[in-house]
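Next come the chains, spelled out residue by residue.
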Amino acid sequence: MKVAVSFFSFLAVLIGTMLFVQYQVYSEQLDTVDKGYHYSQEIEIVYRGESLDIRQHFKNLPAEEIAIQWPKNAVNPNCFIENENSCARLSEDSTKFKAGETRSQSISYVIPLDKGLQSGKLLKGIFATLNEGDVQFSTVHITTDHNVEGQWVTGLPLIGEQQLSLVNYAMFSGKGPVKDIFWQEGGFDLQKQTDILSIYSKTPLQAAFYDKLEQVNFLSEDHLAIINGSNMDGLEGYRMLFLPDITVAKVQQKVIISQLETSYQFGDSPHWIKELVASYLTGTVFGSEKTKEVVSTMTGQMNDQQLADWNERLIALEGKKMNAKVLDEQLSEVLGASTNFVTMNAESETFYPFLYIDGREIFVNLHEQKDMHVILKDGEMLYSANALLKTLGYQVETGENGYYVTSETRTFRFPSEPGFYVFNQRRYNTISTPVKIVADQYYIEESWLQRLFLIELTKSNNRITITTTEE
C-alpha cells in the first residue's frame with residue numbers, strides 16, 4: 001500500500017509539473033499560429049491482459065460541433081467521467097462533441113491486442129482524432145504490470161520512466177500529435193535524446209556519431225524517434241523511423257525526407273524529387289547519384305541571386321503540391337526562360353541534360369500540338385521529330401542503318417554517323433546534321449525541317465505556326 005501511495009504521489013507531482021509546462025508552451029504557441037482549430041491532448045494507456053485501456057482527454061476545444069474519428073479496431077467507445085463536465089458535449093451515439101462552451105472533454109475505449117503485447121510490434125492508428133483539428137501538444141502516460149519489461153516509443157520526447165514493485169510507468173510529452181506506439185522487450189533503451197531526436201538502440205553508439213549528427217541541418221524542430229535494431233525492415237510509424245543499420249548519413253536522409261513529407265504534398269513523385277528539394281533546403285546535397293547530378297546541373301545554371309530566389313520559392317511551396325512540373329515552372333521563372341529539365345528527368349531512367357525549351361504554342365495546319373515541343377541546344381532550335389513528322393503525314397521508325405522517315409512519295413534515311421542523308425535512294429552530303437539524338441529522343445533542326453519537309457514556318461511572340469506546302 002505504501003509503495004502504491006508513493007507511486008501515485010510521484011505521478012501527481014510529475015503530471016502536475018508537466019501540465020503546467022504544457023500550458024505555458026501551448027499558451028505561447030497560440031500567439032504564433034493563426035486563429036483556427038487547435039487543441040491539446042493527454043492520453044493514458046494501461047496494458048491489461050490482451051488489450052490497451054485508453055483514456056483520452058481533449059483540451060482547449062472550440063465551441064462548435066466536432067466529429068470524432070475513433071480508431072478502427074476500438075471497442076467500448078464511451079465517455080470517461082473525470083468530472084461533471086467531462087462528457088457534457090459527447091453525443092448519445094458517441095460520434096461527436098456537440099457545440100458547447102466546455103473546452104475539455106474525455107473519452108475512453110479499448111484496443112484489443114491479438115496474442116497480447118508482442119515485442120517489435122508497431123501499433124498504428126490506435127488513438128482517436130478530431131476532424132479538421134490540429135494537435136498542438138500531446139502528453140502520453142503508459143502503465144503496465146511490473147513483469148512487463150521493455151521500452152515504449154511514441155515519437156514524442158521521453159520525459160521519464162519508473163519501475164516499481166507493482167507497475168512500470170513511462171511518460172512522453174511534446175509538441176504535435178501522436179498516432180502510433182512501439183514496444184520492444186528488454187535490452188533496448190533510449191541512448192540519446194536531443195530537441196529533435198530520440199535514439200533507441202540495444203547498444204550505445206560512439207561519441208563520434210553524435211558529434212557528426214550535431215552538424216546536420218534538419219528542416220524542422222518536430223521531434224522524431226530513431227529506432228535501431230534488427231528485424232525492423234518495412235516498419236514505418238508516424239514520427240518513428242526504423243533503421244537496422246544506423247549511420248549519420250542514413251539518419252540525415254531518413255529524418256529530412258520524413259520532415260519533407262509532412263510539409264509538402266509530393267503525391268506519387270519519384271523519391272529523388274524529395275531528395276532534390278531537401279538538398280536545396282538544407283544546403284547539403286545527398287541521395288542517389290541521379291539526385292546529385294540533377295542538383296549539380298541545376299545549380300550550375302543559376303547565379304547567387306537566382307539561387308537565393310529558388311530557395312525562397314521552395315520554402316513558399318510548403319503545404320502545397322510538389323512535383324516535377326511545379327519545380328520546372330518555378331525554375332523557369334527564376335531563370336527567365338522555359339525548361340522542362342526536372343520533368344524530363346522524372347520520365348527518364350537515365351540522366352536528361354539541361355535544355356531550354358521554347359514556350360510558345362505550336363500549331364500544325366491550324367491545329368495546336370500539345371505533345372510537341374521545341375528545344376534550344378548549342379544555338380539551334382530542334383523540333384521533336386517523331387511527333388512533328390507523324391503530324392505531317394510521315395511514318396517514322398528507327399532501323400539498323402539510322403532514322404527512317406517515309407510517305408507515299410518521299411523516303412528519307414538519316415544515318416547515325418554525320419555527313420550525309422539519303423532521300424529517295426539518293427545520297428546527299430551535308431556539313432551540319434539534320435536529325436540529332438538528344439537524351440535518346442530524335443529532334444530535327446529548324447532550317448533542315450524547312451528545307452526537306454515542304455513546310456512554311458512563321459513565328460510570333462506566343463506562337464509557332466507550321467503549314468504544309470505543295471512540292
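Below is a summary of the structure that appears in this document. All of these numbers come straight from a predicted model, not from anything done at the bench.

Describing the packing of aromatic side chains
Here is step 1 of the chain: Summed over the entire model, instances satisfying the criterion amount to 21 aromatic pairs.
Here is step 2 of the chain: Aromatic side chains tyrosine 37 and tyrosine 39 sit 6.1 Å apart centroid to centroid with 40 degrees between the ring planes, which places their arrangement in the tilted category. This pair shows no difference in class: tyrosine 37 is buried, exactly as tyrosine 39 is.
Here is step 3 of the chain: When the centroid spacing of 5.2 Å and the interplanar angle of 70 degrees are considered together, the rings of phenylalanine 182 and phenylalanine 242 count as edge-to-face. Of this pair, phenylalanine 182 sits in strand E13 (residues 181-185) while phenylalanine 242 is found in strand E18 (residues 240-243), placing the two residues 60 residues apart along the sequence.
Here is step 4 of the chain: For phenylalanine 242, a relative accessible area of 5% corresponds to the buried category.
Here is step 5 of the chain: Ring pairs connect the aromatic residues Tyr394, Phe412, Phe414, Tyr421, Phe423, Tyr428, Trp448 and Phe453, which therefore count as one cluster.

Topic: helix H5 (residues 289-300)
Side chains of residues three or four places apart in an α-helix project in the same direction, reflecting 3.6 residues per turn.
Here is step 1 of the chain: Helix length check: H5 (12 residues) gives 17 Å between terminal C-alpha atoms against 16 Å at 1.5 Å per residue, within 8%.
Here is step 2 of the chain: In this structure, the buried residues of H5 make contact with helix H4 (271-282), helix H6 (304-316), helix H7 (324-335) and helix H8 (341-347).

Things to note about the environment of valine 295
Here is step 1 of the chain: Looking at the element boundaries, valine 295 is found in helix H5.
Here is step 2 of the chain: Sequence spacing of valine 295 and serine 279 is 16 residues, and the spatial spacing of their C-alpha atoms is 7.8 Å.
Here is step 3 of the chain: Excluding residues within four positions of it along the chain, valine 295 makes contact with Leu276, Ser279, Tyr280 and Val285.

Considerations on the sheet that holds strand E10 (residues 150-153)
The strands that make up a sheet are held in pairs by hydrogen bonds between backbone atoms, and each pair lies either parallel or antiparallel.
Here is step 1 of the chain: Reading across the sheet, the three strands line up as E7-E13-E10 and stay open at both edges, with antiparallel pairing between neighbours. Unpaired on one side and paired on the other, strand E7 (121-123) and E10 mark the two borders of the sheet. Taken over all neighbouring pairs, the strand axes of this sheet differ in orientation by 20 degrees on average, direction set aside.
Here is step 2 of the chain: Here E10 pairs with E13 via four bridges, running antiparallel. Of the residues in E13, the one forming a bridge with tryptophan 152 is tryptophan 183.

Brief notes about the sheet that holds strand E20 (residues 361-364)
Here is step 1 of the chain: Reading across from one edge, E21-E20-E32-E31 is the order of the four strands in this open sheet, with mixed pairing throughout. Each edge of the open sheet is held by one strand with a lone partner, namely strand E21 (367-368) and strand E31 (455-459).

Points about the side chain of threonine 282
Here is step 1 of the chain: Relative to the helices and strands, threonine 282 is located in helix H4.
Here is step 2 of the chain: Side-chain polar atoms of threonine 282 contact the backbone nitrogen of threonine 284, separated by 3.3 Å.
Here is step 3 of the chain: If we ignore the near neighbours within four places in the chain, the residues touching threonine 282 are Asn217, Leu219 and Ile256.

So, the pattern of salt bridges
Here is step 1 of the chain: Per the stated rule, a full pass over the model turns up 13 salt bridges.
Here is step 2 of the chain: Between lysine 124 and aspartate 180 there is a salt bridge whose closest N-O contact spans 3.8 Å. Of the two residues, lysine 124 sits in the loop between E7 and strand E8 (129-130) while aspartate 180 sits in the loop between strand E12 (167-175) and E13, which places them 56 residues apart along the sequence.
Here is step 3 of the chain: For glutamate 333, the salt bridge goes to arginine 313, with nearest N and O atoms at 2.8 Å.

Some words on H7
Here is step 1 of the chain: Taking 1.5 Å of rise per residue, 12 residues should cover 16 Å, and H7 covers 16 Å from first to last C-alpha, within 8% of that figure.
Here is step 2 of the chain: Counting buried positions along H7 gives nine out of 12 residues, so the element sits mostly inside the fold.
Here is step 3 of the chain: The complete set of buried residues in H7 reads Ala324, Val326, Leu327, Asp328, Gln330, Leu331, Ser332, Val334 and Leu335.
Here is step 4 of the chain: Where H7 is buried, its residues touch H4, H5, H6, H8 and strand E19 (356-357).
Here is step 5 of the chain: The backbone nitrogen of lysine 325 lies 3.2 Å from a side-chain oxygen of the residue at the head of H7, namely asparagine 323.
Here is step 6 of the chain: Just beyond H7, the residue with positive phi is glycine 336, at close to 75 degrees.

Points about the pairing of strand E14 (residues 189-193)
Here is step 1 of the chain: As judged from the four bridges shared by E14 and strand E15 (residues 197-201), these two strands associate in the antiparallel manner. Within the sheet, the bridge partner assigned to aspartate 189 lies in E15 and is serine 201.

Conventions used here
- Residues numbered from 1 in each chain as written.
- Predicted model: local features only at pLDDT ≥ 70, side-chain atom pairs only at ≥ 80, totals over all residues.
- Heavy atoms only, no water.
- Phe/Tyr/Trp six-rings, centres within 6.5 Å; stacked < 30°, edge-to-face > 60°.
- Buried < 20%, exposed > 50% of the residue type's maximum accessible area, 1.4 Å probe, protein only.
- Helix = DSSP H or I, 4+ residues; strand = E, 2+ residues; numbered from the N terminus.
- Expected span 1.5 Å × (residues − 1).
- Contact = heavy atoms within 4.5 Å.
- Pairing = 2+ DSSP bridges.
- Axes fitted to C-alpha atoms, helices over the stretch in contact; angles between N-to-C directions.
- Polar contact = N/O pair within 3.5 Å; in protein donor to acceptor, adjacent residues only side chain to side chain.
- Salt bridge = Lys/Arg side-chain N within 4 Å of Asp/Glu carboxyl O.

These figures capture arrangement, not role.
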